[in-house]
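Structure at a glance
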Amino acid sequence: MRFAMIGTAFMGTAHSHALHDAAAFFPDLPVRPVKRVLIGRREARAREMAERWGWEEWATDWREAVRRPDVDAVIVGTPNHLHHPMCLAALEAGKHVLCEKPLATTASLADDLAAAAARAGVCHGVAFNYRRVPAVVLARRLIEEGRLGTIRLYRGTYLQDWLLDPSLPVTWRLRVDEAGSGALGDILSHAIDLARYLVGEIAEVVSDLTTFVAERPAPDGGRASVTVDDRAAVLVRFIGGAVGSLEATRFATGRKCANGFEIFGERGSVRFDLERFNELEYYTQDDAPEARGYRRILVTEREHPYLRAWWPPGHTIGWEHTFVHQIHDFVAAAAGGRAFAPDFVEGAACQRVLDAAMRSHASGAWTAVPGPGGAARG
Ligand SMILES: NC(=O)c1ccc[n+]([C@@H]2O[C@H](COP(=O)([O-])OP(=O)(O)OC[C@H]3O[C@@H](n4cnc5c(N)ncnc54)[C@H](O)[C@@H]3O)[C@@H](O)[C@H]2O)c1
């Protein structure tokens, strides 16, 4: 499966590595992912990156590259406002598309992409890579087996601190027209996706968004306004009856990539923190009262999700493996004519939660999360 990828920076690196390792570590794949063409804005950067990561070619014109007949699949790893035009062009050219999160900058653009993907009849996916952490997949397995009983409460947080310094300049992530929103779309979108993956669809939200540093240096000198939130807090009610809270910020002094959740059910609970990637904590009421307590499961056994491909038990894996697993699952789905999850339909569902959170912040009221196209859900 010959890949084109647009984007040569953070995500460009993560996906380049994943394409390499998926081909090498997963011999079960029915087809091998091939790094056909890497697309960047600047020629020198694209060439350097392509040579370093073993891309066969590099290019600077993404519109031309995504239409090439020797390309089967496209990865979009660019700023959020470019996802819509790039994905649309790739879908219209009949390519499988894996797009970085969030799928778009608004729910209507995300719905538009979901409709275009359905028309194209290709495999489509959104890179919510934390669904591919073995401990997270194990948490879902425990929930599906009924070990937690009925879920009552979900607490999700995604805490980083890289924006603390007020002298950091404004980049696309801090501009609403390019990012769509701030901590909300950037990292709370991951928390929403995990909540949807682990508990189910969200019915309504009430939110509070805060901007701590409203003005920063502009990249070309002078000052520029920050037009997105720095912290997003959202209370959620799930369709299935559970309730929850989600909070994300890039100002959590000392917390680097603390993407975590606690899920409380009537019979048990689980707890996960990305900063302790290989561990899942599990508590069950089934234990005798005197033996009750959280147990730390080291998720590195061959029986654990994805671990068969890696090292002997206890030889831990890390963040980049989520991208390898993601490419593995995407290639397997596309080659087998199956759907990948989360697909653009789910990416649009996440985006409608983001939009509802923004509307709720403006109105101060509980806000229903609509269905596709803004339709009310019964
Ligand atoms: N899944 C994750 O864990 C995760 C983590 C970080 C970022 N992301 C997402 O990945 C996307 C990219 O984020 P990033 O951190 O790599 O951003 P970045 O700013 O580091 O890189 C953006 C890349 O897009 C390229 N680009 C910008 N405009 C372009 C254009 N017009 N044509 C071609 N290329 C263009 C830039 O040259 C750069 O290579 C965003 O949507 C972001 O939300 C996901």
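Details of the structure are given in the entry above.
Everything in this summary refers to the structure shown in the same document.

Definitions and cut-offs
Residues numbered from 1 in each chain as written. Predicted model: local features only at pLDDT ≥ 70, side-chain atom pairs only at ≥ 80, totals over all residues. Heavy atoms only, no water. Helix = DSSP H or I, 4+ residues; strand = E, 2+ residues; numbered from the N terminus. Polar contact = N/O pair within 3.5 Å; in protein donor to acceptor, adjacent residues only side chain to side chain. Contact = heavy atoms within 4.5 Å. Axes fitted to C-alpha atoms, helices over the stretch in contact; angles between N-to-C directions. Parallel < 35°, antiparallel > 145°, perpendicular 65-115°, else oblique. Nonpolar A, V, L, I, M, F, W, Y, C, P; charged D, E, K, R; others polar. Near = heavy atom within 4 Å. Areas by Shrake-Rupley, 256 points an atom, 1.4 Å probe, with all protein chains shown as cover. Salt bridge = Lys/Arg side-chain N within 4 Å of Asp/Glu carboxyl O. Buried < 20%, exposed > 50% of the residue type's maximum accessible area, 1.4 Å probe, protein only. Core = buried A, V, L, I, M, F, W, Y, C linked by side-chain atoms within 4.5 Å. Domains from an automatic or database assignment. Phe/Tyr/Trp six-rings, centres within 6.5 Å; stacked < 30°, edge-to-face > 60°. Lys NZ or Arg CZ within 6 Å of the ring centre and 35° of its normal.

1. Side note on the side chain of arginine 231
Relative to the elements of secondary structure, arginine 231 occurs in strand E11 (residues 231-238). Of the polar contacts made by the side chain of arginine 231, one reaches the side chain of glutamate 247; its length is 3.0 Å. Every residue in contact with arginine 231, bar those within four places of it in the chain, is listed here: Ala183, Asp208, Leu209, Thr210, Phe212, Glu247, Ala248 and Thr249.

2. Describing the packing of helix H5 (residues 107-120) against helix H10 (residues 344-363)
At their nearest, the axes of H5 and H10 sit 8 Å apart, and the two run at 170 degrees to each other. Taken together, the axis directions place H5 and H10 in an arrangement best described as roughly antiparallel. Taken together, the residues of H10 that come into contact with H5 (itself represented by Ala107, Ala110, Asp111, Leu113, Ala114 and Ala117) are Phe344, Val345, Ala348, Gln351, Arg352 and Asp355. Partitioning the contact of H5 with H10 into residue classes produces 8 nonpolar, 1 polar and 3 charged.

3. Considerations on the site of the ligand
Lining the immediate surroundings of the ligand are 24 residues, of which Thr8, Asn80, Lys101, Asn129 and Arg173 lie closest. Residue alanine 127 places a main-chain N or O atom 3.3 Å away from a nitrogen atom belonging to the ligand. Taken by itself the ligand offers 840 Å² of open surface, and the protein chains cover 86% of this. Those elements that provide at least two residues to the shell around the ligand are helix H1 (10-25) and helix H4 (83-92).

4. Brief notes about the pattern of salt bridges
The final tally for this structure, using the stated rule, is 34 salt bridges. Residues glutamate 56 and arginine 36 are paired through a salt bridge, measuring 2.7 Å at the closest nitrogen-oxygen approach. You can see glutamate 56 sitting in the loop between helix H2 (43-53) and strand E3 (57-59) and its partner arginine 36 sitting in strand E2 (residues 34-39), a full 20 residues away along the chain. On the accessibility criterion, glutamate 56 (48% relative accessible area) is partly exposed. Arginine 36 sits in the buried class, given a relative accessible area of 15%. Residue arginine 255 is joined to aspartate 273 by a salt bridge in which the shortest nitrogen-to-oxygen separation is 3.5 Å.

5. Side note on the nonpolar core
The biggest cluster of nonpolar side chains holds 111 residues, and the ones touching the most others in it are Phe261 and Phe344. The dominant element in this core, judged by the number of residues it contributes, is helix H8 (residues 183-198), at 10 residues. Summarising the domain contributions, this core has at least three residues from each of domain 1 (2-129) and domain 2 (136-276 + 278-317). Non-local contacts of phenylalanine 261, meaning those with residues more than four positions away in its chain, are made with Val136, Ala139, Tyr154, Arg155, Gly156, Leu194, Leu198, Val270, Arg271 and Phe272. Residues Leu174, Ala218, Val228 and Phe251 belong to the second largest nonpolar core, which totals 9 residues.

6. Overview of the packing of aromatic side chains
Describing an aromatic ring pair means giving the distance of the ring centres and the angle of the ring planes. According to the stated counting rule, one finds 14 aromatic pairs in the structure shown. Pairing phenylalanine 26 with tryptophan 310 gives two aromatic rings, centres 6.1 Å apart and planes at 85 degrees, and the pair type is edge-to-face. Taken together, the residues phenylalanine 26 in the loop between H1 and E2 and tryptophan 310 in the loop between strand E16 (295-298) and helix H9 (320-336) connect sequence positions 284 residues apart. No difference in accessibility class separates phenylalanine 26 from tryptophan 310, as the two residues are buried. Three or more aromatic residues joined by ring pairs make a cluster, and in this case those are Phe25, Phe26, Trp310 and Trp311. Arginine 237 extends its terminal NZ or CZ atom over the ring of tryptophan 366, reaching a point 3.8 Å from the ring centre.

Don't take any of this as a statement about function, it's just geometry.
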